[in-house]
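# Close look at the chain arrangement
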Amino acid sequence: MICDWREKTGLYVDGELEPASQQAFITHLESCDGCAAAVLEQQELKKAVRIAGKRFTAPPELYAQVRMQTHAAKTKALRPWWTWGFAAATLVLLVALSAVLIRNNRPDPTIAGLVDQHITTLASAHPVDIISEDRHTVKPWFEGKLPFTFSLPELKGTPYTLEGGKVAYIEQSPGAELLYDIGQHKTTVFIFKASGAEPKTSSNSTFTIKSWREGALQFYMITDASDYESSRLVSMLQEANR
Amino acid sequence: MSGLENHEFEKLAVPLLDGLYNFACWLSGNPDEARDLVQETFLKSLRGFSSFREGTNFRAWMYRILRNTFLTSRTGLERRNTQQEDEEGFADLAVSSETPELALIRRADTELVQTAIAQLAPIFQEVVLLADMEEMRYQEIAETLDVPIGTVMSRLARARKQVRAYIVTALEQKKVAGTKR
């Protein structure tokens, strides 16, 4: 004969019993081997399903796609009526200041293009053309493809992993696009031949964007890792190319 | 939607992405379809976020949108038509207090448990995944599936009995096969 309490084992294991019933059930378990065994069995089963159920992990490009969707919606977002009134009132002032401000603050089109390239890479089924964690494999792959050379730092013992690279272009000039992992964050480092004035970078709410020059090389880094997490990789790249 | 709402949406929704994708893979059985389902879920929920009432369960709301999106998809309709099982059609299997079953469950590897989950009818599969994998409370599952709590409890009990029976039978058969060799 099955104990009357047995039907409560599921509720107990799921933590769904009222506090008073929970206590009474615990007291019952001390004197009923059958219910105790049933509870143990249900706990084991629950644990097994929890482990086995977590079978699929969302690919990084899905995160990128979803973020792009959200940001696209943001730009299309409707604003309440009063913000339009406010916008009209400040428009005159903005126009007066724009000649100066636009020159200084307009996002660099190169940076905007590289951010798009970074997102495209993350959304791609084949994010890199040379797949290797080994810098001694990745760097030689670029030889003959680029009109310059560069060095990659040793990443052993660091939280960074090199995934590989491919050739990227800005204004028809070829450069290296290197994909790194900073923990779970995908990070793209672009290396081009330096020319003209140093570009103006500013991080946005989605990405940390950095740019720097090392000799004749112009570096760009775009990542959703924090400034702190990515700064050591910047230093290592600087050091390797000094 | 304002930028602030949009930012708030992203903050709440993105941490759920992995779980939603996993759930979508289980429902559809196809990673590509799961990606589309998740993207559609995010689009729909983003559009509806301004009408989302504070205080209601955001996770349950997102999972409900995902599930409804799946149910109205071609695969969802096919699956419902071919695999729907009568909720009352299963004989209750008495929970045994014997320990050999417990020993067998402990021996079950992940692959066997995954097969046991996969063979469940959709109405049982979703409830056991939400309860045991997502660790949702019964109330949250009821909101997600849009069914009464009593239905959640009975489906969950049946789902677990079937998973347990599948594992025990498979391992016993393996044992018998091993003995005959």
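Just so it is clear, the model here is predicted, and its values are computed rather than measured.

### Quick notes on the overall build of chain B
Regarding its fold elements, chain B presents ten helices and zero strands. When the elements of chain B are put in sequence order from the N terminus, they spell out α-α-α-α-α-α-α-α-α-α. A total of 181 residues make up chain B; the buried ones form 38% of that total. At a minimum sequence separation of 6, the contacts of chain B that also span at least 24 residues come to 70%.

### Details of helix H6 (residues 109-123) of chain A
Residue and element names in this part refer to chain A. The terminal C-alpha atoms of H6, which comprises 15 residues, lie 21 Å apart, in line with the 21 Å expected from a rise of 1.5 Å per residue. Regarding H6, the residues found buried are Ile111, Leu114, His118, Ile119, Thr121 and Leu122. Down the axis of H6, the buried side of the element spans an arc of 160 degrees, and every buried residue falls inside it. Projecting away from the buried face of H6 at angles above 90 degrees are the exposed residues Pro109, Ala112 and Asp116.

### Some thoughts on the nonpolar core
Core analysis: the largest hydrophobic core is formed by 58 residues, its most contacted members being Val49 of chain A together with Leu20, Ala24, Leu66, Val127 and Val128 of chain B. In this structure Val128 of chain B touches Val49 of chain A together with Ile117, Leu120, Leu156, Ala159, Arg160 and Val163 of chain B, once residues within four positions along its chain are discounted. Counting residues in each nonpolar core, the second largest holds 25 residues, with Val138, Leu162, Phe219 and Leu237 of chain A among its members.

### Some remarks on the interface of chain A and chain B
Between chain A and chain B, the contact holds 35 residues from the first and 43 residues from the second. Within the residue set of the side of chain A that touches chain B, elements represented by two or more residues are helix H1 (9-13), helix H3 (33-53) and helix H4 (60-76) of chain A. When the residues that make up the side of chain A that touches chain B are grouped by side-chain class, the tally is 16 nonpolar, eight polar and eleven charged.

### Section: the confidence of the model for chain B
When the pLDDT values of chain B are averaged, the result is 81; 82% of them are 70 or greater. Scored below 50 in pLDDT, residues 86-98 of chain B shows 14 contacts in the model against residues more than four places distant or in partner chains.

### Description of H3 of chain A
Compared with the 30 Å implied by 1.5 Å per residue over 21 residues, the 30 Å span of H3 of chain A between its first and last C-alpha is a close match. Of all the residues in H3 of chain A, the buried ones are Cys35, Ala38, Val39, Glu41, Gln42, Leu45, Lys46, Ala48, Val49, Ala52 and Gly53 of chain A.

### What to know about the pairing of strand E6 (residues 217-223) of chain A
Residues and elements named next belong to chain A. The buried fraction of E6 amounts to six of the seven residues, a majority that puts the element mostly inside the structure. Across seven bridges, the pairing between strand E5 (residues 208-214) and E6 is antiparallel. Its bridge partner being in E6, Lys210 is matched across the sheet by Met221. Counted between consecutive antiparallel strands, the loop separating E5 from E6 contains two residues, among which Gly215 sits at a positive phi close to 60 degrees.

Conventions used here
Every chain is numbered independently, its residues counted from 1 as its sequence is written. By the order in which they are written, chains take letters starting at A while ligands take numbers starting at 1. Local features in this predicted model are restricted to residues whose pLDDT is 70 or higher, and side-chain atom pairs enter the listing and the counts only when it is 80 or higher, whereas totals over whole chains, interfaces and linings include all residues. Each helix is a run of H or I in the DSSP string that is no shorter than four residues. Each strand is a run of E no shorter than two, and both are numbered from the N terminus. The burial criterion counts other C-beta atoms lying within 10 Å of a residue's C-beta, which is placed from the backbone; the residue is buried at 20 or more, exposed at 12 or fewer, and partly exposed between these limits. Note on contacts: residues are paired as contacts if their backbone-placed C-beta atoms lie within 7 Å. Each residue after the first adds 1.5 Å to the expected span of a helix. Our arc is simply the arc of the directions from the helix axis toward the C-beta atoms. Think of a nonpolar core as buried Ala, Val, Leu, Ile, Met, Phe, Trp, Tyr and Cys residues, each tied to the set through C-beta atoms within 7 Å. By the convention adopted, Pro, Cys, Tyr, Trp, Phe, Met, Ile, Leu, Val and Ala count as nonpolar, Lys, Arg, Asp and Glu as charged, and the other residues, Gly among them, as polar. Scored from 0 to 100, pLDDT records how confident the predictor is in each individual residue. Note on pairing: DSSP must find at least two bridges between two strands before they are called paired.

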